[in-house]
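# Coordinate inspection notes
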Amino acid sequence: NHAFCDQDSDRNRVRADQACMECGKCVDRPAPMPSSEPSSMPSLIPSLLPSLAPSSLPSFNPSSVPSSKPSAMPSLDPSSVPSLIPSLLPSLAPSSMPSLAPSSLPSFNPSSVPSSKPSAMPSLDPSSVPSLIPSLLPSLPPSSMPSSKPTSTLLLYCVSYPDESPFDAGFGTCDTYAPRTSNHAFCDQDSDRNRVRADQACME
């Protein structure tokens, strides 16, 4: 490689004849601290040339000591991926966008505060305790003509249903169980989800 002393250069653009005293064009600098023992060979004549210009490339590893002044250039753009752990401090201003829509599923535990309005739909199962107050609807009006024979069957009060949720066993409401209708033959068979039969809820 001796023939290439003035041609070969490293990544810092320093040629071999500027770094290697073996090329015969430079010498090593004297050590800043004297060696423990004197050299057996005297050093060559110290160089009359000043050190090379500083490298235009930064060192590969950053300094272990921070600089005295912060950089004049800001850091790169913030990361597009949020941090894994949320910040312990709240954001300065709330988000301008609301949270996602509320869940379509109800909460697991009922609210400790009752709703402002009762549900429009009755409960699925009737109460195991009878109501204390009888139905507000009177019994059927008496017939204007007496029957020829006394009735052999005692009529009971119909089970009362609210107007917004009438009796329906899946085949129609009470008006479909009137005499000479398709459901009249099933009055003692059809029952709704509350296990109330048509003949217990429909005076028809």
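Residues numbered from 1 in each chain as written. Predicted model: local features only at pLDDT ≥ 70, side-chain atom pairs only at ≥ 80, totals over all residues. Heavy atoms only, no water.

## A word on the environment of Met-203
Rules: Helix numbers and strand numbers start at the N terminus; a helix is a DSSP run of H or I with at least 4 residues, a strand a run of E with at least 2.
Mapped onto the elements of the fold, Met-203 is located in the segment after helix 2 (198-201). Residues Met-203 and Tyr-157, spaced 46 residues apart in sequence, show a C-alpha to C-alpha distance of 8.7 Å.

## Overview of the packing of aromatic side chains
Basically, it comes down to this: Here is the rule: rings of Phe, Tyr and Trp (six-membered ring for Trp) pair when centre to centre is within 6.5 Å. Planes less than 30 degrees apart are stacked, more than 60 are edge-to-face, and the remainder are tilted. In this scheme, a residue with accessible area under 20% of its type's maximum is buried, one over 50% is exposed, and one in between is partly exposed, where area comes from a 1.4 Å probe on protein chains only.
According to the stated counting rule, one finds 2 aromatic pairs in the structure shown. Relative to Phe-167, the ring of Tyr-161 has its centre 5.9 Å away and its plane inclined at 80 degrees; by these criteria the two rings are edge-to-face. With a relative accessible area of 1%, Phe-167 lands in the buried category. Between the aromatic rings of Phe-167 and Tyr-177, the centroid separation amounts to 6.3 Å while the plane-to-plane angle is 65 degrees, which identifies the pairing as edge-to-face. A residue pair is termed long-range when its members are at least 10 positions apart, and Phe-167 in the loop between helix 1 (16-19) and helix 2 and Tyr-177 in the loop between helix 1 and helix 2 qualify at 10 residues. A single burial state applies to Phe-167 and to Tyr-177, both of which are buried. Here the aromatic residues Tyr-161, Phe-167 and Tyr-177 are joined through ring pairs into a cluster of three or more.

## A short note on the nonpolar core
Note the threshold: By nonpolar core is meant a set of buried Ala, Val, Leu, Ile, Met, Phe, Trp, Tyr and Cys residues that side-chain atoms within 4.5 Å join together. By definition in these notes, contact holds between two residues if any of their heavy atoms fall within 4.5 Å.
One finds Phe-167, Ala-169, Cys-174, Tyr-177, Cys-187, Val-196, Ala-198, Ala-201 and Cys-202 forming the largest nonpolar core, which totals 9 residues. Aside from chain neighbours lying at most four places away, what touches Cys-187 is Tyr-177, Arg-197, Ala-198 and Asp-199.

## Regarding the state of the cysteines
Worth spelling out the cut-off: Whenever a pair of cysteine sulfur atoms sits within 2.5 Å, that pair is classed as a disulfide.
Within the structure shown, the criterion is met by 2 disulfides. With its sulfur 2.1 Å from that of its partner, Cys-5 forms a disulfide with Cys-23. Because the sign of the S-S torsion sets the handedness, a value of about -80 degrees for the bond joining Cys-5 and Cys-23 places this disulfide among the left-handed ones. In this pair, Cys-5 sits in the segment before helix 1 while Cys-23 sits in the loop between helix 1 and helix 2, placing the two residues 18 residues apart along the sequence. The exposure class assigned to Cys-5 is buried, which follows from its relative accessible area of 9%. One disulfide bridge connects Cys-174 with Cys-202, the sulfur atoms lying 2.0 Å from each other. On the sign convention where negative is left-handed, the bridge of Cys-174 and Cys-202, at about -70 degrees about the S-S bond, is left-handed. Separated by 28 residues along the polypeptide, Cys-174 in the loop between helix 1 and helix 2 and Cys-202 in the segment after helix 2 bring together distant segments of the chain. Among the residues examined, Cys-174 registers a relative accessible area of 16% and is labelled buried.

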